[in-house]
Amino acid sequence: MSQTVCILGATGSIGQSTLKVLAEHPEKYTVYAVTANSRIDELVAICKQFKPKIAVVPTELVDHLAQLLKQHQLQQIEILADEAGLIAAASHPEVDVVMAAIVGAAGLLPTLAAVKAGKRVLLANKEALVMSGDIMLQAARQHQALLLPVDSEHNAIFQCLPQNYLQLERENYQPKQGVSQILLTASGGPFLNFSIEQLQTVTPAQACKHPNWSMGQKISVDSATLMNKGLELIEACHLFSISEHFVTVVIHPQSIIHSMVQYVDGSTLAQMGNPDMCTPIAHALAWPNRISAPVPTLDVFSHQHLNFEQPDLQRFPALTLARQAMRSGGTAPAILNAANEIAVAAFLAQKIPFTAIPEVVDFSLNHIAITSADDLDTILDADTSARRAAQQYIATQRGGLA
Ligand code: NAD
Ligand code: MG
């Protein structure tokens, strides 16, 4: 029987890749709901092709979308608005699978709603898990949601772990079943070999031009600062119930190995493939089965060299900030994430230089008291305070650079 899919963030890079995979399997999957924050023309094109039942946009775009849908004889599509609409779509009783592909903290409540509704949740929106870690996993357990990693590294780790690993009890963040270490790979981004002086003058356009992956702007900048790897370190700790101590970041510039798992007997398992998000998306959609994805099989003969290096923490301090935030626990990861979102937006708006991004995050982490994160309100308050602190730092310390 066909499964129904809700795509949160359908117009984004992950959303589009998801639609590409779904288009290959019309007999297996039906698109039930799609959401977008902007780019209405693209949303309408998606509606024309996939004929979902629900489309969600911000209130200010509702009338415009209604007009366009009518023009295309698609007025039967129900339009919902804002966060309430996202939550309704993500938890809709008719929906089986939710692709969580909104970028940033904006995805937290809709993703959590999908988890609480017991859906199969394909998690691309790493910021949501970084912010709410234990709460999200507890909710998944309580409501029997299946939280499957779409982030390529976590999907790779998941593929290299024992089959039942996610279902095992969480034991004080200790590795289980003979696992000894997770090797989280990173391409190193477009500035891997730049000096600190060179990093000071890089532009948003340079930062968004990733050597191996084509992605949204925010994650592209995060990949360039290595904050993306820092967020992924936290994501891995939560998803696989493992302390950061057992997660090693490895720079692997070719992005052919998407991460590795090491075992106590000396085995190292790696998942390899062409760098295309359609592979982890197809894997998470079909797991424990396999479906085809529009990605060419890896030609191993065309990859003569696979390199591995230690990350340079001097030039990429974001990685250390994230590791410390995971070690601190509580609201620290939410503060890290919120300050980073503000700093990345300021860099993209050319208000701060690239090298100020980790400075803004560091300031916010030091400026706000870190507390335990037992409930969502505490996390959302920490998010708000961190955004304010980051804005304040940018305005006062970096004001002259606008
Ligand atoms: P993107 O910027 O291309 O797309 C983001 C989507 O979220 C769009 O559909 C946009 O309309 C929607 N959106 C943005 N702000 C919103 C808001 N305030 N409210 C509701 N919707 C909003 O981003 P992306 O590259 O597709 O990344 C999406 C998520 O997936 C991110 O969390 C990212 O870290 C993660 N991810 C992406 C990739 C990748 O290759 N692009 C890989 C791994 C993980
Ligand atoms: Mg990744």
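Quick caveat, the model's predicted, so the values are computed rather than measured.

Draft legend 1. Local environment of the packing of aromatic side chains. Summed over all chains, the structure comprises 5 aromatic pairs. Judged by centre distance (5.3 Å) and plane angle (50°), the rings of Phe158 and Trp287 are tilted. With Phe158 in helix α7 (residues 152-160) and Trp287 in the loop between α12 (278-286) and α13 (318-328), this pair connects stretches of sequence that are 129 residues apart. Taken individually, Phe158 and Trp287 each receive the classification buried, so the pair is uniform in this respect. Taken together, a centroid distance of 4.9 Å and an interplanar angle of 50° make the contact between Phe191 and Phe194 tilted. Relative accessible area serves as the criterion here: at 1%, Phe191 is assigned to the buried category. For Phe194, a relative accessible area of 22% gives the class partly exposed.

Draft legend 2. Structural detail: the coordination of the magnesium ion (ligand 2). The magnesium ion (ligand 2) binds to the protein through Asp151 (OD), Glu153 (OE) and Glu232 (OE); the donor distances cover 2.1 to 2.2 Å. For the magnesium ion (ligand 2), the single-chain donor residues occur in sequence as D-x1-E-x78-E. Highlighted residues: Glu153 in helix α7 and Glu232 in helix α11 (residues 227-239), separated in sequence by 79 residues.

Draft legend 3. Expanded view of the packing of helix α6 (residues 126-142) against helix α14 (residues 332-348). At their nearest, the axes of α6 and α14 sit 7 Å apart, and the two run at 145° to each other. Between α6 and α14, the contacting residues are Glu127, Val130 and Met131 on the first element and Pro333, Ala334, Asn337 and Glu341 on the second. Residue composition of the contact of α6 with α14, by class: 4 nonpolar, 1 polar and 2 charged.

Draft legend 4. Inspection of helix α4 (residues 82-90) at higher detail. Those residues of α4 lying buried are Gly85, Leu86, Ala89 and Ala90. Around the axis of α4, the buried residues are gathered within 130° of arc, so they sit on the same side. Here the buried face of α4 lies against β1 (3-8), β2 (29-35), β3 (54-57), β4 (78-81), β5 (97-100) and α5 (108-116).

Draft legend 5. Region of the structure containing a nonpolar patch on the surface. A grouping of Met272, Val300 and Phe301 is seen on the molecular surface, where their side chains present a nonpolar patch of about 340 Å² in accessible area. You can see Val300 is positioned in the loop between α12 and α13. The class for Val300 is partly exposed, based on a relative accessible area of 46%.

Draft legend 6. Layout of the site of ligand 1. Neighbouring ligand 1 are 23 residues; Thr11, Ser13, Asn37, Glu127 and Gly216 lie closest to it. Gly12 is positioned with one of its backbone polar atoms (N or O) 3.1 Å from an oxygen atom of ligand 1. Within the backbone of Asn37, an N or O atom sits 2.9 Å from an oxygen atom of ligand 1. When contributions to the shell around ligand 1 are tallied by element, the ones reaching two or more residues are α1 (13-23) and α6.

Draft legend 7. Quick peek at the sheet that holds strand β6 (residues 120-123). On the basis of which strands lie adjacent, the open sheet formed by 7 strands has the order β4-β3-β2-β1-β5-β6-β7 and parallel pairing. Where the open sheet ends on each side, the last strands, each with one partner, are β4 and β7 (146-149). Taking each pair of neighbouring strands and ignoring which way they run, the sheet shows an average axis angle of 25°. Pairing geometry for β1 and β2, over 5 bridges, is parallel. Following the sheet pairing, Gln3 is matched in β2 by Tyr29. Packed onto the sheet, helix α2 (residues 40-50) meets β2 and β3 and runs at close to 160° relative to β2. Strands β2, β5, β6 and β7 of the sheet are contacted by α12, whose axis makes an angle of about 165° with β6.

Draft legend 8. Just the sheet that holds strand β10 (residues 257-263), in detail. The 4 strands are arranged β9-β8-β10-β11 in an open sheet whose pairing can be described as mixed. Either end of the sheet is taken by a strand with one partner, and the two such strands are β9 (247-251) and β11 (268-272). Direction aside, neighbouring strands of the sheet carry axes that sit 20° apart on average. In this structure, strand β8 (residues 179-186) lies alongside β10, joined through 4 bridges in antiparallel fashion. Bridging from a neighbouring strand, Ile182 pairs with Val261 of β10. The sheet strands contacting α11 are β8 and β9, and the helix crosses β8 at an angle near 155°.

Cut-offs applied
Each chain carries its own residue numbering, running from 1 in the written order of its sequence. Each chain takes a letter, starting from A, and each ligand takes a number, starting from 1, following the order in which they are written. Only residues with pLDDT of at least 70 get local features here, since the model is predicted, and only at 80 or more are side-chain atom pairs given and counted; chain-wide, interface and lining totals rely on the full set of residues. Excluding hydrogens and water, the side-chain figures rest on all heavy atoms present in the structure. Any two of the Phe, Tyr and Trp rings considered here, Trp counted by its six-membered ring, make a pair once their centres fall within 6.5 Å; the pair's planes then place it as stacked at under 30 degrees, edge-to-face at over 60, or tilted in between. Each helix is a run of H or I in the DSSP string that is no shorter than four residues. Each strand is a run of E no shorter than two, and both are numbered from the N terminus. Burial classes follow relative accessibility: with a 1.4 Å probe on protein chains only, a residue under 20% of its type's maximum area counts as buried, one over 50% as exposed, and anything between as partly exposed. With water excluded from the atoms, a metal site may look incomplete; its donors are any N, O or S atoms within 2.8 Å, or within 3.2 Å for Na, K and Ca. Throughout, an axis means a line fitted to C-alpha atoms (over the contacting stretch in the case of helices), and angles, computed between N-to-C directions, take values from 0 to 180 degrees. By definition in these notes, contact holds between two residues if any of their heavy atoms fall within 4.5 Å. Charged residues are taken to be Asp, Glu, Lys and Arg, nonpolar residues to be Ala, Val, Leu, Ile, Met, Phe, Trp, Tyr, Cys and Pro, and polar residues to be all remaining types, Gly included. Note that the arc is defined by the directions from the helix axis to the C-beta atoms. Note that patches include only residues with greater than 30% relative accessible area and no salt bridge, and the join distances are 9 Å for like charges and 5 Å for nonpolar side chains (Val, Leu, Ile, Met, Phe, Trp, Tyr). For every accessible area listed, the method is Shrake-Rupley and the probe measures 1.4 Å; residues are considered covered only by the protein chains on display. Every case where a carboxyl oxygen of Asp or Glu lies within 4 Å of a side-chain nitrogen of Lys or Arg is listed as a salt bridge. Whether a residue is near a molecule or strand depends on its heavy atoms: it is near if one of them lies within 4 Å of it. For the purposes of these results, a polar contact is taken to be a pair of N or O atoms within 3.5 Å, where, inside protein, one atom must be able to donate a hydrogen and its partner to accept one; residues adjacent in sequence count only when each atom of the pair is a side-chain atom. For two strands to count as paired, DSSP must find a minimum of two bridges between them.

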